[in-house]
Amino acid sequence: MTITLYELAGREGLRFSPPCIRVVLALKRKGLAFERVPMPFTGIGAIGDGGFKTVPVLEDGGVWLRDSQDIVEHLEEAYPDAPTLFGGEGGGPLGAFVRAWGLSTLSPQLMRMVAGDVYASVVDVDRDYFRKTREARLSAPFDRVAADREDRVEPFRASLAPLRQRLEAAPYLGGDAPLDADHAVAGILLWAFRTSPWARANLLAEDDPVRAWALGFDALA
């Protein structure tokens, strides 16, 4: 049966959505063949029966799933003989926790530094939508929000201390092999690295183990 993933895409096919990256990494970790369908923000309503408002959306043999957490849980259950995403019973909740930590701690910091770069990365049909919704969320125009981003780098690096400490002890959060928890937070960093040349050059020090770990997933997703 064919697995189809509908995922957000920007200019020149750029994939930059953290939850979509999480699902792509999960599918590849499982070794599953799948079709990737790029979608603009403003095209999501055309997926399936028209009831979807966000991506990723996964269709697996007639089963439709939304939300990256639901999708990775489905993949782990439906394909138990493929490499594990969770590494045991607690891996699903761990991935959900790490995702929540990333969304509440990392994403808001990054958005204030790279929102304008992300705006430059979206396709033309999405530009008005993205500017309106994100500037409203930030309560300021993109250029004003990013004006102090150089000053935000060190606080951001400091907020990664728990992740950095873990990666100094093991190559992945779960030990010797990547788990969904790795995918969930690496996708957030790749969102910044892929859309913002400034972030790729300045966000993390060259010798930061977090940088090497995140970029190790870049070619896979």
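Computed from a prediction, not measured in an experiment: that's the story for all the values here.

**Student:** In this structure, what is going on with the overall build of the protein chain? I would like to understand it.
**Tutor:** A tally of helices and strands in the protein chain yields 10 helices and 4 strands. Put simply, the protein chain runs from its N terminus to its C terminus through helices and strands in the order β-α-β-β-β-α-α-α-α-α-α-α-α-α. In terms of overall dimensions, the protein chain is globule-like: its C-alpha atoms have a radius of gyration of 17 Å, near the 17 Å expected for 221 residues. Seen through its principal axes, the protein chain has C-alpha atoms that stretch 50 × 45 × 25 Å. The 221 residues of the protein chain split such that 52% are buried. Within the protein chain, contacts between residues at least 6 apart in sequence are counted, and of these 69% link residues at least 24 apart. Carbon and sulfur atoms provide 53% of the accessible area of the protein chain, an area that totals close to 10,200 Å². Counting 25 positive and 31 negative side-chain charges, the protein chain places the averaged centre of each group 5 Å from the other.

**Student:** How do you make sense of the nonpolar core when you look at a structure like this?
**Tutor:** For soluble globular proteins, nonpolar side chains are generally found buried alongside one another. Counting 69 residues, the largest nonpolar core has Leu27, Phe156, Leu203 and Trp213 as the members making the most contacts within it. Among the elements that make up this core, the one with the highest residue count is helix α3 (residues 91–121) (10 residues). Sequence-distant contacts of Leu27, defined by excluding residues within four places in its chain, comprise Ile3, Leu5, Leu32, Phe34, Leu58 and Leu75.

Conventions used here
In this numbering scheme, every chain counts its residues from 1 along its sequence in written order. In keeping with the predicted nature of the model, local features appear solely for residues at pLDDT of at least 70, side-chain atom pairs appear and are counted solely at 80 or more, and the whole-chain, interface and lining totals rest on all residues. With hydrogens and water stripped out, all remaining heavy atoms of the structure feed into the side-chain values. What counts as a helix is a DSSP run of H or I of at least four residues, what counts as a strand is a run of E of at least two, and both are numbered from the N terminus. Two things to know: the radius of gyration comes from C-alpha atoms, and the globule rule equals 2.2 Å times the number of residues to the power 0.38. Buried, partly exposed and exposed residues are distinguished by accessible area as a fraction of the type maximum, computed with a 1.4 Å probe on protein chains only: under 20%, between the cut-offs, and over 50%, respectively. Two residues qualify as a contact provided that any one of their heavy atoms is within 4.5 Å of a heavy atom in the partner residue. Calculation of accessible area relied on Shrake-Rupley with a 1.4 Å probe; when residues are assessed, cover is drawn exclusively from the protein chains displayed. Residues scored as charged are limited to Lys and Arg (positive) and Asp and Glu (negative), so that His and the chain ends carry no count. Think of each charge as sitting on NZ of Lys, CZ of Arg, CG of Asp or CD of Glu. Joining through side-chain atoms within 4.5 Å is the link that ties buried Ala, Val, Leu, Ile, Met, Phe, Trp, Tyr and Cys residues into a set, and such a set is a nonpolar core.

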